[in-house]
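An overview of the molecular structure
Residue-level listing of the chains:
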Amino acid sequence: MSKYRSHYIKSLLLPCLFFSAITGVVSSVLVMIFKMASHHVVNISESIYESVRATPILLPLLIVGAVVLGLVAGWIITFSHSCRGGGIPTSIAAIRGIVNFNWVKSTFLLPISALITFLVGVPLGTEGPCVQMGTAIGDGVVQVLGKKKYKGWRRYMMIGGAASGFSLATGSPITAILFSMEELHKTFSPLLFSVASVSVIVSQLIGHLLSNLGFGSIHLFEIGVLEPLPLSRIYAPILVGLLCGVSSILFIKLYNYIDMITQKVLKRLSMKWKLPILFALVALVGFFFSKILGSGHGLVDLLISENRFNTEMAWYLFIVLFLIRVIFMMLSNTIGVTGGIFLPTLAFGAILGSLCARAFVALNLIGEEHSVLLVVVGMVAFLGASMRIPLTACVFAIEAFGGFYNILPLLAAVAAAFMLVEVSGLSDFTSTVIKAKTKAIHAGKTPHVIEVPLTVHKGSFVIDKEIRDILWPASCTMLSLERGPNKTGKVGIAEGDILTVHYTTYDPAATANEFEVLVGDQSTEVDQIMRPE
C-alpha cells in the first residue's frame, strides 16, 4: 500500500467513519427520547387548555402558570445563550463558525427549555431543537473522543449530527443529507456528503429500532400517495407557487420589521421578563383560539387529511390564523424562545395551499381529489422560497409526502416561488435570523480584519484534503496557495504549503485557534498578526 493511500485511510476514512457513526448512535438515542417527551408534553398542554376552556374560572391560574414557566425558561436562556432562538439558525451559525457554541448546555439544557415552550403552546416546532441537539452531540463526540490531531473534525461532526437530528425529526434521510449541504453550509463536497451520509444512516437504523420498541414514530407525517395532477392543470401549482413567493417576501420583510420593533421597544426589558410576558400572552390568546397553539403539526395533519379537508373553518378565519401564528412565531424567535421554525414554516405554507385549493375547487379549476396535493405544494413552495432551499424542498415533498407521481407540479411551484423571491433581492429567512442573532451577540464589539500567510505543518488536519473540503473559519477568503517543497503532485494540500488567507473576526484568539487546529501551530511573527493586542 502506498504512503499516500495509507495516510488517506488513517487520517480521513477511518476518522470519518468512526466519529460519524458514534455521532449517529448518540444522536438517535437522545433525539428519540426528546421526541417522545415532546409528544407527551404536547398532549399534556392540550389537556390543560381543554380543561381551562371547560372551566373558564381557571384562566387566571393558567396565565400565572405560563408566567412561572416563562421565568424558568428565561433563566435557562440567560444562563445558556446557545438555547436562544430557532435551533436551525443557531446550528448553522455555530457550524459556520459565526457564533460560539456550548455543546454541553445545548445537549442537556436545550431540551428542558424546549419542553417548557411546548407546554405553554408557543407556536414553535420540535425539529429545531432536534437539529441543534444533533449539532451539539457531534461537537461533543469530537471534544470527548478526539485527540488534538482530530479536533479539525469538530465542525464536520456538527454537520453530521445536525443531519441526523433533521432526519430523525422529519423521517426524511435523503432530505437530511441534502439539507446538510444546501442549507447548513451551502457547500457541496464529497467529504461533507460522506460525513452526513454515515451519520444519517446509523441514526436511521437506531431510530427505527427505538421506534419499534415504543419510542414513538420516526415519521413526521403519515400520508398516502397523492393523486396525480393532469398536465392540463399545471397552472394550479404555479399559481400557488407565485402566491407563496409573494407571501415569502412579505414574511421576510415582516420579520425584519418585528425584529427592529422588538429591539427598540424591549431593549431595556431583561430576558427574565420578556418570556413571562410572551408566555402569558400566548396562554391568553390560545385560550380563545386553540389553533394558534403548538408547532402546527396538528394543523397540517388536518389539512392533508382528505376526509377532514375544508369544512372546519371559514376561509377568512384561515387568514386570521395565518397572521396570528406568523406574528407569535416571529415574536418568539426575535425574543429568543427555544424552538424550531421549520415546522411552523410548513404550517404557513399549508394554510396558503389550503386557501388556494378551496378557491380552485369552488371555481371548478381542479377536482377536490387534488386538494391535498395543493396543500403539499403550498408547504414546499413556501419552505423553498422563504428559506432559499429549493432542492431540499423538492426532495422533501417527494420523500415525506409521497410526491413521486407529482414531481413536475411540485418542481414548478417551488421554482416559481423561489425565482420570485430571488428577484426581490431579499436574504432568505434563515440568513435574516442569523444576521439578527449575530448582530445582537457582537453589539459594541470591534471587528478585526486580518490577512496572513499560514504554513501547513506535518500531521495537520488539512494535509491531502482539497481546499473545497475544508471548513474554514467564518468569512475566510483563500487568496493564494503557494506549493511547498513537499508537493506530491496530488490535488490536496501538502505539508509545507503556504496558504494566504483574509478574514474578519470579532474574536481573533478564537479564530487563530481554529486555524491552528487545521494547519498546525504558526511562527511567533504570524501568531502576533493573528492575535493583535
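A few words on the overall build of the protein chain. Within the protein chain one finds 19 helices and 3 strands. Against the compact-globule benchmark of 24 Å for 533 residues, the protein chain has a radius of gyration of 24 Å, which places it among compact chains. When each of the 533 residues of the protein chain is scored for burial, the buried share is 54%. Restricting the contact set of the protein chain to residue pairs at least 6 apart, pairs at least 24 apart contribute 81%. For the protein chain, the accessible area works out to roughly 22400 Å², and carbon and sulfur atoms hold 66% of it.

Turning our attention to the pattern of salt bridges. Per the stated rule, a full pass over the model turns up 7 salt bridges. Two residues, Glu-422 and Arg-388, come together in a salt bridge whose shortest N-O distance is 2.9 Å. Taken together, the residues span a long stretch of sequence, with Glu-422 in helix α16 (residues 407–424) and Arg-388 in the loop between α14 (371–386) and α15 (390–400) at a distance of 34 residues. Looking at Arg-388, the relative accessible area reads 13%, which means it is buried. The residue Asp-497 makes a salt bridge to Arg-483 at a minimum N-O spacing of 2.7 Å. Of this pair, Asp-497 sits in the loop between β2 (477–482) and β3 (498–505) while Arg-483 is found in the loop between β2 and β3, placing the two residues 14 residues apart along the sequence. Put simply, Glu-516, Asp-527 and Arg-531 are held in one network by salt bridges that share partners.

Right, let's talk about the packing of aromatic side chains for a bit. Across all of its chains, the model carries 17 aromatic pairs by this definition. Between the aromatic rings of Phe-166 and Phe-342, the centroid separation amounts to 5.2 Å while the plane-to-plane angle is 80°, which identifies the pairing as edge-to-face. One end of the pair, Phe-166, is in helix α6 (residues 154–170); the other, Phe-342, is in helix α13 (residues 342–362), and 176 residues separate them in sequence. According to the relative accessible area criterion, Phe-342 is buried, its value standing at 1%. For the pair Phe-251 and Phe-382, a centre-to-centre distance of 5.2 Å together with 75° between the ring planes defines the contact as edge-to-face. Taken together, the residues Phe-251 in helix α9 (residues 235–265) and Phe-382 in helix α14 connect sequence positions 131 residues apart. No difference in accessibility class separates Phe-251 from Phe-382, as the two residues are buried. Members of the aromatic cluster, joined through ring pairs, are Phe-251, Tyr-255, Phe-348, Phe-382 and Phe-429. Between the NZ or CZ atom of Lys-105 and the centre of the ring of Phe-79, over which it lies, the distance is 4.3 Å. Positioned above the aromatic ring of Phe-461 is the side chain of Lys-465, whose terminal nitrogen or guanidinium carbon lies 4.1 Å from the ring centre.

Turning our attention to the side chain of Thr-175. Tracing the chain through its elements places Thr-175 in helix α7 (residues 173–184). In this structure the side chain of Thr-175 is engaged in a polar contact, spanning 2.7 Å, whose partner is the side chain of Glu-399. Beyond its immediate chain neighbours, meaning those up to four positions away, Thr-175 contacts Phe-166, Thr-392, Val-395, Phe-396 and Glu-399.

Spatially, β1-β3-β2 is the arrangement adopted by the 3 strands of the open sheet, whose pairing is antiparallel. Unpaired on one side and paired on the other, β1 (448–455) and β2 mark the two borders of the sheet. Here the strands of the sheet are splayed against their neighbours by 15° on average, with no regard to which way each runs. Strand direction decides the pairing type here: β1 and β3, joined by 8 bridges, are antiparallel. Opposite Ile-450, over in β3, you have Tyr-503 as the bridge partner.

This brings us to a nonpolar patch on the surface. Judged by side-chain polarity, Leu-254, Tyr-257, Met-260, Ile-261, Val-265 and Ile-327 come together as a nonpolar surface patch covering roughly 520 Å² of accessible area. Counting residues per element, the nonpolar patch draws most heavily on α9, which supplies 5 residues. Mapped onto the elements, Ile-327 comes out in helix α12 (residues 315–335). You can call Ile-327 partly exposed: its relative accessible area is 39%.

All right, on to the layout of surface pockets then. If a probe as big as a water molecule is rolled over the atoms, it shows which places are left empty. What the second largest pocket holds in volume is close to 1200 Å³. In this structure, the second largest pocket is lined by 42 residues; those nearest its centre are Val-42, Glu-46, Ser-295, His-297 and Gly-298. Counting only elements with at least two residues in the lining of the second largest pocket, the list comes to α1 (3–54) and α11 (297–303). Here the lining of the second largest pocket is built from residues that sort into 15 nonpolar, 17 polar and 10 charged.

Grouped together as the largest cluster of nonpolar side chains are 159 residues, with contacts concentrated most on Trp-153, Tyr-156, Phe-279, Leu-346, Met-379, Val-462 and Trp-472. Once you skip the residues sitting within four places of it in the chain, Leu-346 turns out to touch Leu-220, Phe-221, Val-300, Met-379, Leu-383 and Phe-396.

Inspection of the secondary structure puts Thr-262 in helix α9. Residue classification places Thr-262 among the buried residues on the basis of a relative accessible area of 7%. The spatial distance from the C-alpha of Thr-262 to the C-alpha of Ala-54 is 34 Å, given a sequence separation of 208 residues. Not counting residues up to four positions away in its chain, the partners in contact with Thr-262 are Lys-267, Leu-331, Thr-334 and Ile-335.

Below, the discussion takes up α6. The end-to-end C-alpha distance of α6, which contains 17 residues, comes to 24 Å, matching closely the 24 Å that a straight helix rising 1.5 Å per residue would cover. At the C-terminal side of α6, Gly-171 shows a positive phi close to 65°.

Where α6 contacts helix α8 (residues 190–212), the axes come no closer than 8 Å and their chain directions differ by 40°. When the axes of α6 and α8 are compared, the pair comes out oblique. Between α6 and α8 lies a crossing of right-handed hand. On the side of α6, the interface is formed by Tyr-156, Met-157, Ile-159, Gly-160, Ala-163, Ser-164, Ser-167 and Leu-168, while α8 contributes Leu-191, Leu-192, Val-195, Ala-196, Ser-199, Val-200, Ser-203, Gln-204 and Gly-207. Of the residues contributing to the contact of α6 with α8, the split by class is 10 nonpolar, 7 polar and no charged.

Conventions we followed
- Residues numbered from 1 in each chain as written.
- Predicted model: local features only at pLDDT ≥ 70, side-chain atom pairs only at ≥ 80, totals over all residues.
- Heavy atoms only, no water.
- Helix = DSSP H or I, 4+ residues; strand = E, 2+ residues; numbered from the N terminus.
- Rg over C-alpha atoms; globule rule 2.2 N^0.38 Å.
- Buried < 20%, exposed > 50% of the residue type's maximum accessible area, 1.4 Å probe, protein only.
- Contact = heavy atoms within 4.5 Å.
- Areas by Shrake-Rupley, 256 points an atom, 1.4 Å probe, with all protein chains shown as cover.
- Salt bridge = Lys/Arg side-chain N within 4 Å of Asp/Glu carboxyl O.
- Phe/Tyr/Trp six-rings, centres within 6.5 Å; stacked < 30°, edge-to-face > 60°.
- Lys NZ or Arg CZ within 6 Å of the ring centre and 35° of its normal.
- Polar contact = N/O pair within 3.5 Å; in protein donor to acceptor, adjacent residues only side chain to side chain.
- Pairing = 2+ DSSP bridges.
- Axes fitted to C-alpha atoms, helices over the stretch in contact; angles between N-to-C directions.
- Patch = residues over 30% accessible without salt bridge, like charges linked within 9 Å, V, L, I, M, F, W, Y side chains within 5 Å.
- 1 Å grid on protein atoms, 1.4 Å probe; cavity = no way out; pocket = protein on both sides within 12 Å on 5 of 7 lines; lining within 4 Å.
- Points joined across faces, edges and corners; volume = space filled by probe spheres on them.
- Nonpolar A, V, L, I, M, F, W, Y, C, P; charged D, E, K, R; others polar.
- Core = buried A, V, L, I, M, F, W, Y, C linked by side-chain atoms within 4.5 Å.
- Expected span 1.5 Å × (residues − 1).
- Parallel < 35°, antiparallel > 145°, perpendicular 65-115°, else oblique.
- Left-handed = near helix turned anticlockwise from the far one by under 90°.

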